[in-house]
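# Structural overview for review
Given next are the chains, with one letter for each unit.
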Amino acid sequence: MIKQIFEFKKTDRKWHIPVLAGLCVGIPILGGYFTGTMAGGKLASMSALVILYVHTFSISGGMVTLMTCSFGMMLSFLVGAIFGFNPYVGALALGLFAMGVHLALFYLKMNRPPGNFFFIMIASVALCMPFDWQKIPSNIGYIGIGTVISCLLGLGYALLVVRNNTDAPLHSKSKYVNLVESATFGFMVGFSLLIAHLLKLENPYWVPTSCAAVMQGASTQHVWQRGLQRVLGTLIGLGMAWMLLSMHPTPLMICVSIIILQVIVEFLVVRNYAVAAIFITVLTIFLAESGSNLSVSPTGLIAARFIDILVGSIIGALGGWILYNEHVHWMATRQIRKTRIALGRKKGV
């Protein structure tokens, strides 16, 4: 177990994928800096991560995937923005939305990593923003700008670099198993946001985001491994973020750091999640926190983020155990089949 946590895996990922991701994130954040709209630039940068949903890029298939996920990003923010008026309603909405996204990705055959993660992240951020009806259209516009930039860069990348490829086959599972997984995922993500609100955490979106990240594992062991890797990586990453923020970086330095960190994360995340989590932590703090939070004393900010991520990782690890528990799956799928048969008999009467 310890060896697997620190082991660097071999990968066939091309070096230019991290560079492409860095460009997609970098252009919106720099645009926001030079136009004086840093908050909008950060939203656009988060949505530009849609580029990571393209794996093996056939030109036609890749663009369809990008545009579909771009719509999903805007829908995710809209759901979060609409239901952010009440924390408890928001937690319920996030749970149902996470369940719906997990189901939809299964039927669209798009459930390989990063899966539902970025849709849940965008929705969580929107839910926890100050509720303001008047800002919803402009914020969705920023989300759309980020996705458009990724689509254009993705098209250019496909035309210049990629030859038509076919996607690797996905692991097949029954619709009943997927329904149980979706319900479990949705419940744990919504529950994690509810816990964050009950604990009165300052930026509660960190908790469901961490929960979703840990539950991305492919098995119970993998989920627990990812949870431990995330906590260890986060602890080191928070120390690194504290040192960087103690130097009082300028907004431009933060923008450049976000670009560099994104490239490093995409290079490392397929090789070792624990090491990648170090840089993911710094990246998400720079990207998700407002400028005013970054300019104050970093000690309180870093301590709060560690508690948020720890709580989310623990809930995610528990959710992963439920997600891949064979007995729970068997009991749930059996009950679904029995219910479906009973409803069919009633219709036939």
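A brief structural summary. Given the structure is predicted, the values throughout are model-derived calculations rather than measurements.

Rules used throughout
Residues numbered from 1 in each chain as written. Predicted model: local features only at pLDDT ≥ 70, side-chain atom pairs only at ≥ 80, totals over all residues. Heavy atoms only, no water. Helix = DSSP H or I, 4+ residues; strand = E, 2+ residues; numbered from the N terminus. Buried < 20%, exposed > 50% of the residue type's maximum accessible area, 1.4 Å probe, protein only. Contact = heavy atoms within 4.5 Å. Areas by Shrake-Rupley, 256 points an atom, 1.4 Å probe, with all protein chains shown as cover. Core = buried A, V, L, I, M, F, W, Y, C linked by side-chain atoms within 4.5 Å. Phe/Tyr/Trp six-rings, centres within 6.5 Å; stacked < 30°, edge-to-face > 60°. Lys NZ or Arg CZ within 6 Å of the ring centre and 35° of its normal. Salt bridge = Lys/Arg side-chain N within 4 Å of Asp/Glu carboxyl O. Axes fitted to C-alpha atoms, helices over the stretch in contact; angles between N-to-C directions. Parallel < 35°, antiparallel > 145°, perpendicular 65-115°, else oblique. Left-handed = near helix turned anticlockwise from the far one by under 90°. Nonpolar A, V, L, I, M, F, W, Y, C, P; charged D, E, K, R; others polar. Polar contact = N/O pair within 3.5 Å; in protein donor to acceptor, adjacent residues only side chain to side chain. Disulfide = S-S within 2.5 Å.

Attention shifts here to the overall build of the protein chain. Regarding its fold elements, the protein chain presents 15 helices and zero strands. Considering the protein chain as a whole, with its 349 residues, one finds that 49% of them fall into the buried category. Look at the contacts in the protein chain between residues 6 or more apart in sequence, and 81% of them connect residues 24 or more apart. As displayed, the protein chain has an accessible area near 16,900 Å², and 71% of this comes from carbon and sulfur atoms.

Right, let's get into the nonpolar core. Counting 82 residues, the largest nonpolar core has M73, F77, F118, V189, I258, I285 and F286 as the members making the most contacts within it. For M73, the residues in contact, after removing those within four places along its chain, are M46, S47, L49, V50, Y53, F118, F119, I122, I143 and T147.

A word on the packing of aromatic side chains. In this description, a pair of aromatic rings is defined by centroid distance and the angle of the planes. Per the stated rule, a full pass over the model turns up nine aromatic pairs. Taking 5.3 Å as the distance between ring centres and 80 degrees as the angle between the ring planes, the aromatic pair formed by F131 and W133 counts as edge-to-face. Using a relative accessible area of 55% as the deciding quantity, one classes W133 as exposed. The interplanar angle of 25 degrees and the centroid separation of 6.0 Å between the aromatic rings of Y205 and W206 together place this pair among those described as stacked. W206 matches Y205 in its accessibility class, with the two residues each being buried. Members of the aromatic cluster, each reached through a chain of ring pairs, are Y53, F117, F118 and F119. Taking the ring centre of F267 as reference, the NZ or CZ of R271 above it sits at 4.0 Å.

Our next topic: the pattern of salt bridges. Should the charged atoms of two oppositely charged side chains come close, the side chains can pair. Inspection of the entire model under this criterion finds one salt bridge. The closest approach of N and O atoms between R305 and D308, which form a salt bridge, is 2.9 Å. One end of the pair is R305 and the other is D308, both in helix 14 (residues 298-323) and three residues apart, which spans about a single turn. There is no split in this pair, since R305 and D308 are both buried.

Attention now goes to the packing of helix 3 (residues 38-47) against helix 7 (residues 136-160). The geometry of a pair of packed helices is captured by two quantities: the angle between their axes and the separation between those axes. Closest axis-to-axis distance for the helix 3/helix 7 pair is 7 Å, and the angle between their directions is 45 degrees. Accordingly, the angle class assigned to the pair helix 3 and helix 7 is oblique. Where helix 3 crosses over helix 7, the two elements pack in a sense that is right-handed. The segment helix 3 lies against helix 7, with G40, L43, A44 and S47 engaging N139, Y142, I143, G146 and T147. Residues belonging to the contact of helix 3 with helix 7 are distributed by class as follows: four nonpolar, five polar and no charged.

This next bit is on the environment of N272. With respect to the secondary-structure elements, N272 resides in the loop between helix 11 (251-268) and helix 12 (273-288). Owing to a relative accessible area of 2%, N272 belongs among the buried residues under this scheme. In this structure, the C-alpha to C-alpha distance between N272 and K9, residues 263 residues apart in sequence, is 6.5 Å. For N272, the side chain forms a polar contact with the main-chain nitrogen of A274, separated by 3.0 Å.

On to the state of the cysteines. Structurally, a disulfide amounts to a covalent bond that connects the sulfur atoms of two cysteines. Scanning all chains against the criterion turns up zero disulfides. Summary of cysteine pairing: C24 is not part of a disulfide, and the nearest cysteine sulfur, belonging to C151, is at 9.1 Å.

Once that is clear, we can look at the side chain of S210. Positionally, S210 belongs in helix 9 (residues 206-214). S210 sits in the buried class, given a relative accessible area of 1%. If we skip the residues at most four places from it in the chain, S210 touches R230, I309, G312 and S313.

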